[in-house]
Amino acid sequence: MPPSAFDDVVESVRSALNAKRNELSQRSAAIEAALRGYERAVEGEIALAFAEAHQLRQPSPVERAADAARKLVRAVASLPELSEIDVPAPSGEKPIRSEPEPARSRPSASAGRLVIIGALSGREKKAALPAELATDAEWIDTERDGVHAVGNLPQRIRQGRVSGVVILDRVVSHKHTEPVVAAARDAKVPIAFAGQGGRASLLRALQQIADMRRQRS
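What counts, and at which threshold
- In this numbering scheme, every chain counts its residues from 1 along its sequence in written order.
- Where totals are concerned, whole chains, interfaces and linings use all residues; where local detail is concerned, this predicted model gives features only for residues with pLDDT of at least 70, and gives and counts side-chain atom pairs only at 80 or more.
- Excluded from the side-chain calculations are hydrogens and water; all other atoms, namely the structure's heavy atoms, are used.
- By this definition, two strands are paired if DSSP reports at least two bridges between them.
- Helix and strand labels come from DSSP, where a helix needs a run of H or I of at least four residues and a strand needs a run of E of at least two; each type is numbered from the N terminus.
- To define axes, lines are fitted to C-alpha atoms, for helices over the stretch in contact only, and angles between the resulting N-to-C directions are given on a 0 to 180 degree scale.
- Contact definition: two residues touch when any of their heavy atoms are within 4.5 Å.
- The term salt bridge refers to a pairing of a side-chain nitrogen on Lys or Arg with a carboxyl oxygen on Asp or Glu at a separation within 4 Å.
- Relative accessibility decides the category of a residue: with a 1.4 Å probe and only protein chains considered, values under 20% of the type maximum give buried, values over 50% give exposed, and everything between is partly exposed.
- Only protein atoms enter the calculation, which uses a 1 Å grid: trapped sets of points that fit a 1.4 Å probe without letting it out are cavities, open sets showing protein on both sides within 12 Å along at least five of seven lines are pockets, and any residue with an atom within 4 Å of a point is a lining residue.
- Grid points are joined across faces, edges and corners, and a volume is the space filled by probe spheres set on the points.
- Classification used: nonpolar for Ala, Val, Leu, Ile, Met, Phe, Trp, Tyr, Cys and Pro, charged for Asp, Glu, Lys and Arg, polar for all others including Gly.
- By this rule, a helix spans an expected 1.5 Å times one less than how many residues it contains.
- Seen with its strands pointing away from the viewer, a crossover is right-handed when the path leading from the first strand over the helix to the second is clockwise.
- Any residue with relative accessible area above 30% and no salt bridge may belong to a patch, with like charges joined within 9 Å and the nonpolar Val, Leu, Ile, Met, Phe, Trp and Tyr side chains within 5 Å.
- All accessibility values rest on the Shrake-Rupley procedure with a 1.4 Å probe; residue burial counts only the protein chains present in the view.
- Nine residue types can take part in a nonpolar core, namely buried Ala, Val, Leu, Ile, Met, Phe, Trp, Tyr and Cys, and a core is a set of them joined through side-chain atoms within 4.5 Å.

Undergrad: Would you mind showing me how to read the sheet that holds strand 6 (residues 191-193) here?
TA: Sheet strands pair via backbone hydrogen bonds, and the direction of the pair is either parallel or antiparallel. If you trace the four strands from one edge of the open sheet to the other, you get 4-3-5-6, paired in parallel fashion. Each edge of the open sheet carries a strand with a single partner, namely strand 4 (138-140) and strand 6. In this sheet, neighbouring strand axes are inclined to one another by 20° on average, regardless of whether the strands run parallel or antiparallel. Across five bridges, strand 3 (residues 113-117) lies against strand 5 (residues 162-167) in parallel orientation. Within strand 5, the residue paired with Val115 across the bridge is Val165. Along the sheet, helix 6 (residues 174-187) makes contact with strand 3, strand 5 and strand 6, crossing strand 5 at roughly 140°.

Structure (structure tokens):
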């Protein structure tokens, strides 16, 4: 028996909510990683000061607490809820503004390829992306080829052969992307969501991926 219209609506809602949940998980993970880095840096400086004061063996060098604090502030400032708000920076630096910057860097060959999952329904794919990314991005059309289009993408992600994943979450079924999202989470590969694949949504997703890479570097 074919699925009813109600089933289609429920699946669309589930897919949209799961996409938002995955996006939130990515942002939260970036902040948690920055917070852990800050904690380690502060602990390292405390341990170093104690060792010097008591002429003990010095611990291994760690990141400066001030640098770790800046990374934490930037991770928080990237939250969409803080868009257009000036977030105070540490040590009297210029306020950090969380406006998205234009996506301008292309993935290096060693970082793997950017993969975009979802059909553009006849629209020209190259026109939807910046010129420096259009020729290198890999498009996977699950609308045309179904779940088989994803193929070995989860394995490639875990092998470090994918630099980032953009999912057109309003045109792709959740069941098609679930293995991809799980693999990306395991491998800490950035994921972003771009609705129906409009140019503005794609640019925003690319910027989110670039931000995630900087936060993890």
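Having seen it, we continue.
Undergrad: Help me out: how do you make sense of the pattern of salt bridges in this one?
TA: If the charged atoms of two oppositely charged side chains come close together, the side chains can form a pair. If you walk through the whole model with that rule in mind, you get seven salt bridges. Among the salt bridges present, the one from Lys71 reaches Glu63, with a minimum N-O distance of 3.1 Å. Residue Lys71 is classed as partly exposed on the basis of its relative accessible area, which comes to 36%. Salt bridges linked by common partners bring Arg64, Asp67 and Arg70 together as one network.

Undergrad: Looking at this structure, I do not really get empty space enclosed by the protein. What am I missing?
TA: The rolling of a water-molecule-sized probe over the atoms marks out the regions of remaining empty space. Per the stated rule, a full pass over the model turns up two cavities of 30 Å³ or more. Of the pockets and cavities examined, the second largest cavity occupies roughly 60 Å³. Contributing to the lining of the second largest cavity are Ser15, Asn18, Ala19, Asn22, Ile167, Asp169, His174, Thr177, Val181 and Phe193. Considering each element in turn, the lining of the second largest cavity owes the most residues, four residues, to helix 1 (residues 5-53). Class assignment for the residues of the lining of the second largest cavity results in four nonpolar, five polar and one charged.

Undergrad: Please clarify how helix 7 (residues 199-216) should be interpreted in this entry.
TA: Owing to its 3.6 residues per turn, the α-helix aligns residues three or four sequence positions apart on the same side. Its 18 residues give helix 7 an end-to-end C-alpha distance of 26 Å, which sits within 8% of 26 Å, the value for a rise of 1.5 Å per residue. Taken together, the buried positions of helix 7 are Leu202, Ala205, Leu206, Gln207, Ile209, Ala210, Asp211 and Met212.

Undergrad: Any chance you could explain the pairing of strand 5 here in plain terms?
TA: Two faces belong to every sheet, and in a regular strand the side chains alternate between them. Across the six residues that make up strand 5, a large majority, six, are buried. One crossover worth recording links strand 5 to the parallel strand 6 by way of helix 6, and it is right-handed.

Undergrad: Where do I start with a nonpolar patch on the surface in this structure?
TA: A surface patch of nonpolar side chains, about 280 Å² in accessible area, is lined by Val9, Val13 and Leu17. Tracing the sequence through the fold places Val13 in helix 1. For Val13, a relative accessible area of 44% puts it in the partly exposed group.

Undergrad: Looking at this model, I keep getting lost on the pairing of strand 3. Mind explaining?
TA: A large share of strand 3 lies buried, amounting to four of its five residues. Two elements, strand 3 and strand 4, share three bridges in a ladder whose sense is parallel. Residue Val115 lies in a different strand from strand 4, and its bridge partner there is Glu138.

Undergrad: Please clarify how the nonpolar core should be interpreted in this entry.
TA: Across soluble globular proteins, you tend to see nonpolar side chains buried next to one another. Counting residues in each nonpolar core, the largest one holds 18 residues, and the members touching the most others are Ile117, Leu153, Ile157 and Val165. When residues of this core are traced back to their parent elements, those giving at least two are strand 3, helix 5 (153-158), strand 5, helix 6 and strand 6. Looking at this core element by element, the count peaks at four residues for helix 6. Non-local contacts of Val165, meaning those with residues more than four positions away in its chain, are made with Leu114, Val115, Ile117, Ile157, Val180, Pro190, Ile191, Ala192 and Ile209. Core analysis: the next-biggest nonpolar cluster, separate from the first, contains 16 residues, Leu129, Val166, Leu168 and Ala194 among them.

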